[in-house]
Structures are given as C-alpha cells and as structure tokens.
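Read off the chains here:
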Amino acid sequence: LYIHNAKLSSEISLIKDGDSMVHFHIPQYFIDQYNISTREREIIELKAQRLTNDKISNKLNISLQTTKNHLYNIYKRTKVENRDQLIELIRTHEN
C-alpha cells in the first residue's frame with residue numbers, strides 16, 4: 001500500500017507541476033533480473049518520461065548526486081550507456 005500511495009503522490013505531483021504523465025511499464029522479469037530497487041524503478045520511470053536528472057531529484061526529494069548515483073548503478077548493472085539504451089533494453093523484456 002505504501003508503494004501504491006507513493007506512486008499516486010508522484011503522479012499527482014507530476015500533474016500539478018504540469019509535466020506530461022506517461023506511464024512506463026517495467027516488466028517484473030526485468031526488475032528481478034537486474035535487481036532493480038523501488039527507488040531505481042521510480043527513477044527509471046521518470047527518466048523514461050524524459051525528465052532531467054535535476055527534475056527527477058526534485059520530484060523524489062533527493063539530491064542531484066543521489067539521482068546520478070542511482071542512474072550510474074542502473075546503467076552499470078544493465079550494461080547500457082544512456083537512457084535510450086536502457087528503455088530499449090526494458091522494451092525487449094516486455095515480450
């Protein structure tokens with residue numbers, strides 16, 4: 001329930017701030033295979049919406065460096081170099 005409420009709060013915040021809200025599904029298989037944490041999933045979802053690292057930091061109330069650290073760890077673990085490669089990798093796990 002906490003995760004659901006946090007996500008709802010994030011979606012309400014996105015609407016309030018005027019950002020487009022595009023739902024991006026991350027398959028459970030991908031989350032399990034790459035050991036993606038709840039916070040990393042949130043960052044991936046926001047990155048998929050093309051938010052900057054600074055906006056992600058503001059949305060999640062974390063420092064810019066923490067956002068960058070999470071992205072570095074995600075990219076390293078998944079062996080990609082950028083957001084577009086990560087999104088493509090996730091999409092290959094949808095089927």
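Scope of this entry: the structure provided in the associated data block. Quick caveat: nothing in here was measured; it's all calculated off a predicted structure.

The subject of this paragraph is the overall build of the chain. A count of helices and strands for the chain gives six helices and zero strands. Going from the N terminus to the C terminus, the chain shows its helices and strands as α-α-α-α-α-α. Expressed as a percentage of its 95 residues, the buried residues of the chain come to 40%. Across the chain, the fraction of contacts at a sequence separation of at least 24, relative to all contacts at a separation of at least 6, is 56%. On the chain, roughly 6200 Å² of surface is accessible, and the fraction owed to carbon and sulfur atoms is 49%.

What follows covers the pattern of salt bridges. What the rule picks out here adds up to five salt bridges. Ionic pairing is found between Arg 50 and Asp 84, a salt bridge with its closest N-O pair at 3.9 Å. Here Arg 50, found in the loop between helix H3 (38–48) and helix H4 (53–60), pairs with Asp 84, found in helix H6 (residues 83–92); they are 34 residues apart in sequence, far enough to count as distant. With relative accessibility at 57%, the residue Arg 50 sits in the exposed group. Asp 84 gets classed as partly exposed once you look at its relative accessible area, which sits at 45%. The closest approach of N and O atoms between Asp 84 and Arg 83, which form a salt bridge, is 3.2 Å. Through salt bridges with shared partners, one network takes in Arg 50, Arg 83 and Asp 84.

The N-to-C vectors of helix H5 (residues 64–78) and H6 enclose an angle of 55°; their axes lie 11 Å apart at closest approach. One finds that H5 runs oblique with respect to H6. When you trace H5 past H6, the crossing you get is left-handed. Residues Ile 74, Tyr 75 and Thr 78 of H5 touch H6, and the partners they reach there are Arg 83, Leu 86 and Leu 89.

What counts, and at which threshold
- Residues numbered from 1 in each chain as written.
- Predicted model: local features only at pLDDT ≥ 70, side-chain atom pairs only at ≥ 80, totals over all residues.
- Heavy atoms only, no water.
- Helix = DSSP H or I, 4+ residues; strand = E, 2+ residues; numbered from the N terminus.
- Buried < 20%, exposed > 50% of the residue type's maximum accessible area, 1.4 Å probe, protein only.
- Contact = heavy atoms within 4.5 Å.
- Areas by Shrake-Rupley, 256 points an atom, 1.4 Å probe, with all protein chains shown as cover.
- Salt bridge = Lys/Arg side-chain N within 4 Å of Asp/Glu carboxyl O.
- Axes fitted to C-alpha atoms, helices over the stretch in contact; angles between N-to-C directions.
- Parallel < 35°, antiparallel > 145°, perpendicular 65-115°, else oblique.
- Left-handed = near helix turned anticlockwise from the far one by under 90°.

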